[in-house]
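Listed below are the residues making up each chain.
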Amino acid sequence: MELDFTVAESGEVRDIAVHAANPPRVFESAAASALSQWRYQPVLKDAKPAAQRARIRIRFTLARRP
């Protein structure tokens, strides 16, 4: 699954959008919920924090029970 998002000046994740998911509509909510809790160090432009769009791939693996 690929998610597009914005890293705000504060380092918070905002504006999450699912770019690609397989299978569709199965893990999108869980992935977006997890990503919204992450924090990044923002990009600096002219020595000041600036918002920037980013993309991340999250892989879900289902484990088999013994």
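One can find the structure itself at the top, above this paragraph.
Scoring rules and cut-offs
Residues numbered from 1 in each chain as written. Predicted model: local features only at pLDDT ≥ 70, side-chain atom pairs only at ≥ 80, totals over all residues. Heavy atoms only, no water. Helix = DSSP H or I, 4+ residues; strand = E, 2+ residues; numbered from the N terminus. Buried < 20%, exposed > 50% of the residue type's maximum accessible area, 1.4 Å probe, protein only. Contact = heavy atoms within 4.5 Å. Polar contact = N/O pair within 3.5 Å; in protein donor to acceptor, adjacent residues only side chain to side chain.

Visitor: Just checking my understanding: could you explain the environment of F5 for this structure?
Guide: Turning to its location among the elements, F5 is positioned in strand β1 (residues 2–7). Residue classification places F5 among the buried residues on the basis of a relative accessible area of 2%. A sequence separation of 47 residues divides F5 from Q52, and the C-alpha atoms of the two residues are 8.4 Å apart. Beyond its immediate chain neighbours, meaning those up to four positions away, F5 contacts V13, R14, D15, I16, L35, Y40, Q52, R53, A54, R55 and I56.

Visitor: Looking at this structure, I do not really get the side chain of T6. What am I missing?
Guide: Mapped onto the secondary structure, T6 falls in strand β1. With a relative accessible area of 13%, T6 lands in the buried category. Among the polar contacts made by the side chain of T6, one reaches the side chain of R53 at a distance of 2.8 Å. The contact partners of T6, leaving out residues within four places of it in the chain, are E12, V13, R14, D15, A51, Q52 and R53.

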